[in-house]
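# What the coordinates show
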Amino acid sequence: MRNKHATQLIFELSRAGRSAVSLPTADVPQQPVDQLIPERFLARTAPQLPEVSEPEIVRHYANLSTLNMSVDTHFYPLGSCTMKYNPKRNERLASIAGVVDVHPYQSESSLQGLLRIFFELQQMLEEISGLDAVSLQPAAGAHGELTALMVAAAYFREIGDNRTKVLSPDSAHGTNPASARMCGFDTVTVKSTSDGFVDRDDLISKLDESVAVLMITNPNTLGLFERGIAEIADEVHSRGGLIYLDGANMNAILGITRPGDFGADMMHFNPHKTFSGPHGGGGPGAGPIAVAEKLTPYLPVPRVARLETEEGYTYRLDWGQPRSIGRVRSFFGNCGVLVRAYCYLLTHGPDGLRSVSENAVLNANYLLSRVKHFLPVPQGDRCMHEFVASAAQLKSDTGISAMDMAKRLLDYGFHAPTVYFPLTVREAVMVEPTETESKEMLDKFAETLFRVTEEAADLLHDAPHTTLISRPDEVTAARKPKLRWQPSAED
Ligand SMILES: *Cc1c(COP(=O)(O)O)cnc(C)c1O
């Protein structure tokens with residue numbers, strides 16, 4: 001019965017006449033409101049707003065803010081989503097006046113600082129990707145996928161090649177085929193082998209002259225580096241297709257290998273994952289894309305460009321790209337997320353980024369080595385920055401499902417791992433600890449996960465037990481979530 005008052009609506013706290021402000025009596029003549037505001041804009045009745053005191057407002061929202069889990073309050077091993085710690089310095093830097101107090105309609109000459117940040121961020125992402133040009137415009141990873149596919153479609157249109165298909169592995173994130181469909185392509189699924197890699201025979205059998213793009217995630221969503229990635233890219237390229245790299249898993253390979261080097265023609269970054277922007281409930285994302293030289297003319301406009309003058313560099317917005325697909329986002333993209341990414345990248349530098357990935361991989365492998373003894377990890381003994389365990393055997397032996405485990409972990413103060421993704425693993429439990437967790441935390445998590453597998457199934461089917469709202473019924477959505485706190489007359 002934690003924080004039960006936080007379940008009251010602010011309207012229920014309201015008492016007529018109560019207020020959070022007390023203003024002095026006006027010492028200037030008052031203007032009748034209908035002389036200031038045209039009649040048609042005036043409401044007939046005052047809006048019904050809650051009437052509460054200042055401490056009531058503060059407590060209400062402060063309490064609400066404690067009902068959720070966050071990276072700042074809990075270990076958050078949500079696989080694929082890379083919920084790494086968000087350094088507070090980046091928050092400070094992203095809120096300095098030159099970043100937050102500017103308006104996108106200001107003149108370019110008065111936005112030089114911000115444009116420089118964007119230009120340099122583009123350069124850094126080019127270097128990390130091993131590709132030739134970057135657009136910061138897309139607003140999220142999925143939007144980056146769509147934008148890059150639009151770039152690919154424009155490229156094929158221009159060379160007069162009428163390709164209609166996009167291939168993606170069955171372990172891909174759902175946004176991959178969804179983006180392809182939104183862009184007007186037909187999607188074809190490529191199978192995975194039982195050990196979790198792209199099935200090369202299945203791929204080759206589906207590769208023909210109608211395939212525009214193979215969308216591939218590497219490391220893939222099972223946390224495995226596709227061993228044959230360069231050969232796969234060669235196969236696709238030799239038939240005139242392009243390789244799209246879903247960059248959501250870049251946290252495993254920063255400064256170690258580059259998508260451009262293993263055959264990608266285009267990719268997106270998830271700065272809110274890889275470069276530590278707060279996301280999920282904590283903030284918006286961004287989805288910069290990087291592309292190879294031949295795709296550069298089709299990138300969205302405006303592009304952030306740099307000119308060398310006698311006084312030094314000036315930065316400007318370049319609209320002069322006749323073959324561009326046009327705008328995909330208002331103004332420059334999600335500025336705050338991009339600035340945080342820039343700060344993160346500058347803070348770490350090339351060697352620091354490499355050690356971020358090395359530690360992410362080390363932490364995941366340490367956890368894997370502890371977890372595999374009680375929860376099988378079907379695709380192996382080693383992983384990159386995340387691994388996928390399976391509760392399938394546990395479920396058939398004891399009735400405990402991946403969902404039960406995920407819900408029960410909340411009772412122990414852990415955010416749940418990702419469950420039931422990727423679709424290729426039954427009862428999938430996808431764990432991504434990230435590089436910023438200590439050995440003690442990883443041990444505690446492994447021990448808790450083990451403890452959960454030993455508990456009574458009945459207890460788990462109803463978990464979580466200590467949170468404000470217990471398990472919403474995901475099977476019959478019509479059934480209401482069970483509230484632990486029921487409003488009563490005294491409340
Ligand atoms: C998160 C994710 C995406 C989509 O990125 P968003 O920024 O959430 O739109 C795509 N692919 C994979 C593998 C992901 O984990």
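Residues numbered from 1 in each chain as written. Predicted model: local features only at pLDDT ≥ 70, side-chain atom pairs only at ≥ 80, totals over all residues. Heavy atoms only, no water.

### Concerning the overall build of the protein chain
Helix and strand counts for the protein chain come out as 16 helices and 12 strands. Burial analysis of the protein chain (491 residues in total) assigns 50% to the buried set. In the protein chain, once contacts between residues fewer than 6 apart in sequence are set aside, the share between residues at least 24 apart is 70%. Of the accessible surface of the protein chain, which amounts to about 23,900 Å², a share of 54% is contributed by carbon and sulfur atoms. (Helix = DSSP H or I, 4+ residues; strand = E, 2+ residues; numbered from the N terminus. Buried < 20%, exposed > 50% of the residue type's maximum accessible area, 1.4 Å probe, protein only. Contact = heavy atoms within 4.5 Å. Areas by Shrake-Rupley, 256 points an atom, 1.4 Å probe, with all protein chains shown as cover.)

### A few points about the site of the ligand
Taken together, the residues surrounding the ligand are Ser80, Ala140, Gly141, Ala142, Glu145, His173, Thr175, Asp246, Ala248, Asn270, His272 and Lys273. For the ligand, the protein covers 87% of the area, taking 380 Å² as the surface of the free molecule. Every element with two or more residues in the shell around the ligand is listed here: helix H7 (141-158) and helix H11 (271-274). A per-element tally of the shell around the ligand places H7 first, with three residues. (Near = heavy atom within 4 Å.)

### Concerning helix H10 (residues 229-238)
Looking only at H10, the buried set comprises Ile229, Ile232, Ala233 and Val236. For H10, the angular spread of buried residues about the axis comes to 100°, placing them on one side. For H10, the elements touching its buried residues are helix H9 (200-206), strand S4 (211-217) and strand S5 (242-246). Taken from the residues just after H10, Gly240 is the one with a positive phi, measuring 85°. (Arc of directions from axis to C-beta.)

### Observations regarding the sheet that holds S5
What the seven strands build is an open sheet, ordered S1-S7-S6-S5-S4-S2-S3; its pairing is mixed. Among the strands making up the open sheet, the edge pair consists of strand S1 (133-135) and strand S3 (186-190). Across the sheet, the mean angle from the axis of one strand to that of its neighbour is 20°, orientation sign disregarded. Along the sheet, H7 contacts strand S2 (165-169), S4, S5, strand S6 (266-268) and strand S7 (289-291); its crossing angle with S5, the most-contacted strand, is approximately 170°. (Pairing = 2+ DSSP bridges. Axes fitted to C-alpha atoms, helices over the stretch in contact; angles between N-to-C directions.)

### So, the environment of Thr175
Of note, Thr175 is situated in helix H8 (residues 175-182). Among all residues touching Thr175, those that are not within four sequence positions of it are Ala142 and Glu145. Polar contacts involving the side chain of Thr175 include one to the side chain of Glu145, which spans 2.8 Å. (Polar contact = N/O pair within 3.5 Å; in protein donor to acceptor, adjacent residues only side chain to side chain.)

### Here's the deal with the sheet that holds strand S10 (residues 387-390)
The three strands lie next to each other as S10-S12-S11, forming an open sheet whose pairing is antiparallel. Here the strands that pair on one side only, and so sit at the sheet edges, are S10 and strand S11 (418-419). Summarising the sheet, S10 and strand S12 (residues 428-431) pair through four bridges and their orientation is antiparallel. Opposite Ser390, over in S12, you have Ala428 as the bridge partner.

### As for the nonpolar core
Counting residues in hydrophobic clusters, the biggest one holds 58 residues, and the most contacted among them are Phe118 and Phe275. Only helix H6 (112-129), S4, H10, S5, strand S9 (312-318) and helix H12 (335-371) provide two or more residues apiece to this core. Per-element accounting of this core gives the leading share, 12 residues, to H12. Of all hydrophobic cores here, the second largest spans 27 residues; its members include Ala364, Leu375, Phe445 and Leu460. (Core = buried A, V, L, I, M, F, W, Y, C linked by side-chain atoms within 4.5 Å.)

### A word on the packing of H7 against H8
It is the contact of H7 with H8, at a shortest axis distance of 9 Å, that shows an interaxial angle of 40°. Between H7 and H8, the angle falls in the class oblique. The two elements H7 and H8 cross, and the hand of that crossing is right-handed. Packed against H7, whose contacting residues are Ala142, Glu145, Leu146 and Leu149, the element H8 presents Thr175, Asn176, Ser179, Ala180 and Met182 at the interface. (Parallel < 35°, antiparallel > 145°, perpendicular 65-115°, else oblique. Left-handed = near helix turned anticlockwise from the far one by under 90°.)

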